[in-house]
Amino acid sequence: MKLLVTGGAGFIGSHFILYWMRQHPDDKIINIDKLTYAANIANLEGVQENPNYFFECADICNAEAVDKMMKDVDVVVHFAAETHVDRSIMDPLPFIHTNVVGTYVLLESAKKHNVQRFHHISTDEVFGSIDLDDEEQFTEKTRYEPSSPYSATKASSDHLVRAYNRTYGLPITISNCTNNYGPAMYPEKLIPIAITNLLEGKKVPLHGDGRNIRDWLYVEDHVRAIELILKKGEIGETYLVGGMNKGISNLEVIKRILKIMGKSEDEIKFVKDRQGNDRKYDVNWSKIHRELGWKPLHDLDEWLGHTIRWYEKNRAWWEKIKAEDYQDILRNNLGGDTDQL
């Protein structure tokens, strides 16, 4: 089988490629990635010499480049996206460009070349926010109510993917995942910025009161879910993928990291909340469990420890990024107000 993976040098995409090539060594993978700030080709160490792997540095909005790579492809696995909410608030245009226009370009090419499956990776953020005291969980039937430019563009791309199935018969599946964590995540999201700041002796910035609730999904569990959807998922269907039975607060996540690292809660620095910050995401992933037999295998506490150890052992990987981009990372986490830290 021949797969086209978009955004395969990013966090989740690179884990998918490494996993897929271990589990399916005879398959061929084309990785198309623009290598924007959050991508890192070093994440794919170990597969770059594999004759079944090919990398193309290109923008998914470039129809000519996409069409060239799509030839004879059986399956498209579409990770490529701008994903950081704070960046989308400060500048929505790149999110519209990549997440909406880029998805359209891929769909058009996939339709032209009669791909057997187009799998689109999306987010639970498209559903909006749940009240903190509400026991509701998102399901595949939950209405879309995106809050940020990021989630609005992902919602738009979800609608486009479904439309290509209903209008043109393109064989698609969609997965909406919760917050991923694990090794080699770009240090601008909550868990990696907390870990790396603590390793550098810096405070951990936490938005608002820290009570915002999220579900946490270890990246390899997510990759296994995608594999099962590709193998057994029903065409036209959507599957929610979560890592917990009940979400926990961002403050609780940071407290667990502090405990594992032997640090005091004095290391937390509460900062101004982001605009339109959703209070709670919580997903019901019973459909993928019931229909495909998937469930998360990685416990948060144990695999937070594993993730922390990875950052401890791979300081050169993230220190280079933060040396070059830390002020940018900090600015985007603080809504432009770097005086808060």
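Residues numbered from 1 in each chain as written. Predicted model: local features only at pLDDT ≥ 70, side-chain atom pairs only at ≥ 80, totals over all residues. Heavy atoms only, no water.

A.B. asks: How would you summarise helix α2 (residues 63-70) if you had to cite specific residues and measurements?
C.D. replies: By the burial criterion, the buried members of α2 are A65, V66, M69 and M70. On an axial view of α2, the arc spanned by its buried residues comes to 130°, and they lie on one face. Among the exposed residues of α2, those oriented more than 90 degrees off its buried face are E64 and K68. Buried residues along α2 sit in contact with β1 (2-6), β2 (28-33), β3 (53-57), β4 (75-78) and α4 (93-112). (Buried < 20%, exposed > 50% of the residue type's maximum accessible area, 1.4 Å probe, protein only. Helix = DSSP H or I, 4+ residues; strand = E, 2+ residues; numbered from the N terminus. Arc of directions from axis to C-beta. Contact = heavy atoms within 4.5 Å.)

A.B. asks: So what's going on with the pattern of salt bridges? Which residues, and what values?
C.D. replies: For the coordinates displayed, the defined rule picks out 18 salt bridges. E319 is paired through a salt bridge with R315; the nearest N and O atoms lie 2.9 Å apart. Placement of both E319 and R315 in helix α11 (residues 315-333) is noted, with a separation of four residues, approximately one turn of the helix. On the basis of relative accessibility, which here comes to 34%, the residue E319 falls in the partly exposed class. Across the salt bridge formed by E324 and K320, the nearest N and O atoms sit 3.1 Å from each other. Linking E324 with K320, this pair stays in helix α11, spanning four residues, or about one helical turn. Residue E324 shares its accessibility class with K320, and that shared class is exposed. Within the structure, one salt-bridge network assembled from shared partners comprises E200, K202 and K322. (Salt bridge = Lys/Arg side-chain N within 4 Å of Asp/Glu carboxyl O.)

A.B. asks: How would you sum up the packing of aromatic side chains? Please name residues and give values.
C.D. replies: Inspection of the entire model under this criterion finds 14 aromatic pairs. On the basis of an interplanar angle of 75° and a centroid distance of 6.4 Å, the ring pair of Y311 and W317 is categorised as edge-to-face. A connected cluster of aromatic rings, assembled from ring pairs, spans F127, F138, Y144 and Y281. A cation sits over an aromatic face here: K111 above Y168, 4.6 Å from the ring centre. One residue, K287, lies across the ring of Y239, its end atom 4.9 Å from the ring centre. (Phe/Tyr/Trp six-rings, centres within 6.5 Å; stacked < 30°, edge-to-face > 60°. Lys NZ or Arg CZ within 6 Å of the ring centre and 35° of its normal.)

A.B. asks: I'd love a proper account of the nonpolar core, names of residues and values included.
C.D. replies: Of all hydrophobic cores here, the largest spans 54 residues; its most connected members are F16, I17, V77, W216, I254 and I257. Residue contacts for F16: discarding those within four places in its chain leaves L3, V5, V77, F79, V223, I226 and L230. One finds V66, L106, L107 and I174 within the second-largest nonpolar core, a separate group that totals 23 residues. (Core = buried A, V, L, I, M, F, W, Y, C linked by side-chain atoms within 4.5 Å.)

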